[in-house]
Amino acid sequence: MTLFRQLIMTIVAIFSLMLVVVMGINFNTTKGYLISQLQSTTQDSATSLSMSVSDFMAQEDYASVQSSVNAVFDSGYFSEVRIHVYETDENIVRSNETKIDGVPAWFIQLIDFKVPVARSVVSNGWNELGQVYVTGSAGYGYYQLWLASRDLLVSFVVIGFITLVLGSIALRYLFQPLVELEKQAEAIQQRRFIKMIKVPKTRELRAVVLSMNRMAEKLEKEFASEVETAQWLQAKAFKDPVSGLGNRHFFESQIKSHFTEAERGVDGLVLISLADLAKLNNERGYESADMFIQSAADILSKKVAMLSSFATLARLSGADFVLLIPNIDHHQLKQVVSDIMHELMELNTASISYSVAVANIGAVTIDASVERSGAMSQADAALREAKREGINTYRVFDLNMGQSMAINRTSWKGILETAIQSRSFKLKKQKIATLDESSITLHEEVFMGLEHGGKEYHAGYFIGLAEQFDLASQIDQVIIERVIEFIKTKSLTTPLTVNLSASSYAKPAFIEWLDKTLGQLSSDVKRKLMFEISEQSVLIEEEQANTLIRMLKKQGLKFGIDNVGKQFSAFQYLQTLMPDYVKVDSSYTRMATGKESESFFMHTLCKMFSSLNIEVIATGVESEKQLNALKRFDVTGGQGFLLGRAQEM
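Residues numbered from 1 in each chain as written. Predicted model: local features only at pLDDT ≥ 70, side-chain atom pairs only at ≥ 80, totals over all residues. Heavy atoms only, no water.

The subject of this paragraph is helix H10 (residues 372-389). Two residues of an α-helix separated by three or four positions point the same way, owing to the 3.6 residues in each turn. End to end, H10 covers 26 Å across 18 residues, agreeing with the expected 26 Å (1.5 Å per residue, within 8%). Turning to H10, the residues buried within the fold contact helix H6 (248-259), strand S5 (267-274), strand S8 (359-366) and strand S9 (394-398). Looking at the residues trailing H10, positive phi occurs at Gly390, about 135°. (Helix = DSSP H or I, 4+ residues; strand = E, 2+ residues; numbered from the N terminus. Expected span 1.5 Å × (residues − 1). Contact = heavy atoms within 4.5 Å.)

Below, the discussion takes up the pairing of strand S7 (residues 320-325). With five of its six residues buried, S7 lies for the most part within the structure. Where strand S6 (residues 312-315) meets S7, four bridges bridge the pair, whose relative direction is antiparallel. Counted as the bridge partner of Arg315 is Phe321 from S7. (Buried < 20%, exposed > 50% of the residue type's maximum accessible area, 1.4 Å probe, protein only. Pairing = 2+ DSSP bridges.)

The next thing to look at is the pattern of salt bridges. The full count for this structure, using the stated rule, is 20 salt bridges. Among the ionic pairs, Glu481 bridges to Arg423, the shortest N-O distance being 2.8 Å. Taken together, the residues Glu481 in helix H13 (residues 472-489) and Arg423 in the loop between helix H11 (402-422) and strand S10 (426-434) connect sequence positions 58 residues apart. Residue Asp524 is joined to Lys528 by a salt bridge in which the shortest nitrogen-to-oxygen separation is 3.7 Å. Take Lys528: its relative accessible area is 18%, and that puts it in the buried class. One salt-bridge network, in which partners are shared between bridges, spans Glu385, Arg388, Glu389 and Arg395. (Salt bridge = Lys/Arg side-chain N within 4 Å of Asp/Glu carboxyl O.)

Okay, a nonpolar patch on the surface next. A surface patch of nonpolar side chains, amounting to about 650 Å² of accessible area, comprises Val154, Val158, Phe161, Ile162, Val165, Leu166 and Ile169. If you trace the backbone, Val158 turns up in helix H4 (residues 138-189). Judged by its relative accessible area of 44%, Val158 falls in the partly exposed class. (Patch = residues over 30% accessible without salt bridge, like charges linked within 9 Å, V, L, I, M, F, W, Y side chains within 5 Å. Areas by Shrake-Rupley, 256 points an atom, 1.4 Å probe, with all protein chains shown as cover.)

The next subject is the environment of Val122. Mapped onto the secondary structure, Val122 falls in strand S3 (residues 117-124). Taking C-alpha positions, Val122 is 62 Å from Thr10, a pair spaced 112 residues apart along the chain. Excluding anything up to four places from it in sequence, Val122 contacts Ser50, Val53, Ser54, Met57, Asn127, Glu128, Leu129, Gly130, Gln131 and Val132.

It is worth spelling out the packing of helix H15 (residues 508-519) against helix H18 (residues 542-555) at this point. In contact at an axis separation of 10 Å, H15 and H18 are set at 10° when each is read in the N-to-C sense. Taken together, the axis directions place H15 and H18 in an arrangement best described as roughly parallel. Contact residues: H15 offers Ile511, Leu514, Asp515, Leu518 and Gly519, while H18 offers Gln544, Thr547, Leu548, Met551, Leu552, Lys554 and Gln555. For the contact of H15 with H18, the per-class residue count stands at six nonpolar, four polar and two charged. (Axes fitted to C-alpha atoms, helices over the stretch in contact; angles between N-to-C directions. Parallel < 35°, antiparallel > 145°, perpendicular 65-115°, else oblique. Nonpolar A, V, L, I, M, F, W, Y, C, P; charged D, E, K, R; others polar.)

This part covers unusual backbone geometry. A positive phi is found at Asn563, a non-glycine position, where the angle reads about 60°. Mapped onto the elements, Asn563 comes out in strand S15 (residues 558-564). With relative accessibility at 17%, the residue Asn563 sits in the buried group. Positive phi, close to 45°, is recorded for Met578, a residue that is not glycine. Among the secondary structure elements, Met578 is positioned in the loop between helix H19 (573-577) and strand S16 (581-584).

Attention now moves to the packing of H6 against H10. Relative orientation of the contacting elements H6 and H10 amounts to 120°, with a least axis distance of 10 Å. Considering their axes alone, H6 and H10 lie oblique with respect to each other. Along the contact surface, H6 presents Phe251, Ile255, Lys256 and Phe259, while H10 presents Arg372, Ala375 and Met376. Here the contact of H6 with H10 is built from residues that sort into five nonpolar, no polar and two charged.

Reading across from one edge, S2-S1-S4-S3 is the order of the four strands in this open sheet, with antiparallel pairing throughout. Among the strands making up the open sheet, the edge pair consists of strand S2 (90-95) and S3. Shown here is a sheet whose adjacent strand axes are inclined to one another by a mean of 15°, direction ignored. Relative to S2, strand S1 (residues 78-85) is paired through six bridges, and the arrangement is antiparallel. The residue of S2 that forms the bridge with Glu80 is Ser95. The strands touched by helix H2 (residues 62-74) within the sheet are S1 and S2, with S2 carrying the most contacts at an inclination of about 30°.

What follows covers helix H8 (residues 286-307). The end-to-end C-alpha separation of H8 is 31 Å, in line with the 32 Å expected for 22 residues at 1.5 Å each. Among all positions in H8, only Ala289, Phe292, Ile293, Ser295, Ala296, Ala297, Ile299, Leu300, Lys303 and Val304 are buried. If you follow the buried residues of H8, they end up packed against S5, helix H7 (277-284), S6, S7 and helix H9 (330-349).

Right, here's the structure in full:
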């Protein structure tokens, strides 16, 4: 119960107690007064009547006595007027049944009103002729008591209602700082360090508000320090200081992680080698050489940003850059390499390169059957071939793909449209479990694929093409509908998690459809449905991601962010989105078993996420060594072949 309601109830209780006490005092006072007045009136009437009938009774004129009795009875509130005549031992009586109008029956039964009876002796000289008895009427007393009680009660109710209305308005005004304090406390719990600008004048509330503001400011500085430390460690370990790109160590960690994924599609691997960098450095100085490197890095970064959010770009050594592009075919890769070479050659026009010779590029397309070492060797061979052909040339090898893939690509659009129409995507699920011995399943991630021509293709083969054909949102809708049907028909004990592509939730129509679909589900189904989006897509579509997350929170669904830490980015977006969990990139899982500096970086990341009350899920857990290392950190659960492989749904 809120403090506001408690205070209102206290006011009502005090007011009710006051009403009972005042009504009790007023009732007893009024009752005593009425009885006293009625007793005085009946006694005066009895005395007056005894004096007026004494002569008549001495003369035995009982008719006149009766007339006097009638006159007295009619002149007051009496229930009976009686004269007992000693001579005849008879009574001269005038009475009437007491009628009480305008008073509820329950009130009459509840109140004990003792009616006074007045007596007076009728005498003539020294002779006593009889005795007068006058009994008052209870109707008048009940009526007056009822009026007094009713009017007092109505007055108290009206005054009490007005007091409650005005009091509640006043209390709400006084409690407004407490409401703001509650919002501030909830925001701080979610690591949103808001401060109250309007400080109340009440001394106690003012002190609390100022204390909360100081605490929010301190926590904000501490969290900012944690983020800054994590970013500094990330840059120290993975960032090339000259180009601003990832260094060799970064690329190796990313490519190891990428090549261990079972569901890889067709990738492009590109090596770019700048020409005459050493001559530029020796003859014009390191500043000119650094400008050459930075300019080339800017060209590559802009191209990658336009190309794919999942691409990995790094500087391997002094003059060499490497680019890994997932989900790209041979034709597309040739076009990308051609565009890069064209833009790099403009560095000579701007007099940034040493001479007309700017760079050579070697590239290769690879599928899931190619190992990492083989891919790097083929890319290097393509680069050597380009250098042999002359300056500013490039070569793109089509490794292990052949003509069949090119033909297949032309028909992928029809294949995907057919799969959408028939809802024929194959679904698998892989569990995410705790890292202790109990290995409790937290939730299960849903993976999709499709079958065509007797061969199964996982999402890596076609998801990039689906994005290009603007079919990703339709595929997501089919997967969501099928997962919801699966939840409704199966007795699940753990939630299922669906991945959403950026191109889907970038469309307002898709979010509107998802909101409507989720709104029709029962709370039990909602508890077993979760969603994931990748960090790369958040950084590209942050505004749309915020819209999606607000909708999911409104619907009461949990959500997470995948591939966290894969990009060089600030982690402040987590404060805005506040996911229920994050999945750190599998490269960090390998870092947990690496050098002390690398494991410390992992520790810092986990500490930062935990400070936001965000659960941390480690991906790519494939060995006992990794599992034991992860137990040292604030990691809630893990995902990988060691904990459980994907199973058919």
